[in-house]
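# Structural characterization, general
This is what each chain is made of:
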Amino acid sequence: MKAFVFPGQGAQFVGMGKELYDTNETAREMFEKANEILGFRITDIMFNGTDEDLKQTKVTQPAIFLHSVILAKTMGEEFNPDMVAGHSLGEFSALVAAGALTFEDGLRLVAARAMAMQKACELKPSTMAAVLALPDEKVEEVCQGIDGVVVCANYNCPGQIVISGEIEAIDAACEQLLAAGAKRALKLKVGGAFHSPCMEPARAELAEAIEHTEVSTPICPVYQNVDALPHTDPAEIKANLVAQLTAPVRWTQTVKNMIADGATEFVELGPGKVLQGLVAKIDRAMTVSGRQ
């Protein structure tokens, strides 16, 4: 069985999507439609901007979403998923590719999500850190013992977790995690504490936008970040999308569940190869490939 997976923030690069735009009429129309919906030419930044321009959350998230979704759309019958999943932002790409959201609605939600997250970041200084070579349970235990907000935000693969929260709490946690035997506990260059309680203002704002958006039954199960389980019910999909902003991304569990349900091949659609690497670390027996 074939699983298609969609990357999240951090996979972007200057020039992403340009070949698609130049060589495919459908892709060009979709990119131009996106420029219109967003009210600025995101294609100029994606194809020819600077790394700094591309790193702004309001640009990064729609850019990765567009690259992924347009790739899926231009594959035609080659896009034949038995199941789909996306990492954080990538969940929106997965939902559009699987027909649960329209392209236009998906893009509007992603743009609203990016702006809401940006605002939440500005309200309170916060950050994230990558922790390597400790069991999940140990990382959770250390976080629970720290004063202030610090939680496990991304379960990326065994031995790789990202923690998220208030700056002082993250600093204290990193110190304790290194003392507990972590190979690295390194603060990331991100705007704020994604997938933590610090994103509550963004969650409340996005909930309203999601509530007013129509979600259809997808063509295949969508494994969602919040519980790592397959969903096809529109009401459940909506509720999980809202919860996603303040809840962890359970990527390790998602991939394991997809494999348990029969996945033998994973195809990553979008910029970079991050998810291909994570899937390979979760289960070496999987066939992994990607398109960008």
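Provided above is the structure to which this section pertains.
Residues numbered from 1 in each chain as written. Predicted model: local features only at pLDDT ≥ 70, side-chain atom pairs only at ≥ 80, totals over all residues. Heavy atoms only, no water.

## Considerations on the packing of aromatic side chains
The condition is simple: When two rings of Phe, Tyr or Trp (its six-membered ring) have centres within 6.5 Å they constitute a pair, described as stacked for plane angles under 30 degrees, edge-to-face for angles over 60, and tilted for the intermediate range. Working definition: helices are DSSP H or I runs of at least four residues, strands are E runs of at least two. Numbering for both runs from the N terminus. Partly exposed describes any residue whose relative accessible area lies between the buried limit of under 20% and the exposed limit of over 50%, with all areas from a 1.4 Å probe on protein chains only and scaled to the type maximum.
Counted by the stated rule, this structure contains five aromatic pairs. Centroid distance Phe4 to Phe79: 4.8 Å. Interplanar angle 55°. Geometry classified as tilted. Here Phe4 is found in strand S1 (residues 2–6), whereas its partner Phe79 is found in the loop between helix H5 (57–74) and strand S2 (83–86), with 75 residues between them in sequence. For the pair Phe4 and Phe79, a shared accessibility class is recorded, and that class is buried. Geometrically, the ring pair formed by Tyr21 and Phe31 is tilted, given 6.0 Å between the ring centres and 50° between the ring planes. Here Tyr21 is found in helix H1 (residues 18–23), whereas its partner Phe31 is found in helix H2 (residues 25–38), with 10 residues between them in sequence. Note on Phe31: relative accessible area 0%, which makes it buried. Three or more aromatic residues link up through ring pairs in this structure, and these residues are Tyr21, Phe31 and Phe47.

## Structural notes on the sheet that holds S1
What counts here: When DSSP finds two or more bridges between a pair of strands, those strands are recorded as paired. In what follows, residue pairs with any heavy atoms lying within 4.5 Å of each other are defined as contacts. Angles run from 0 to 180 degrees between N-to-C directions of axes, and those axes are lines fitted to C-alpha atoms, restricted for helices to the stretch in contact.
Overall, mixed pairing links the six strands, which are arranged S8-S7-S2-S1-S9-S10 in an open sheet. Only two strands of the sheet have a single partner each, and these edge strands are strand S8 (230–231) and strand S10 (287–291). Note that S2 and strand S7 (residues 222–223) share two bridges and pair parallel. In the strand pairing of S7, Val84 is matched with Val222. On top of the sheet, helix H12 (residues 251–260) reaches S1, S2, S7 and strand S9 (265–269); it is set at about 175° to S2, its chief contact. This element, helix H13 (residues 274–282), spans S1, S9 and S10 of the sheet and lies at about 175° to S10.

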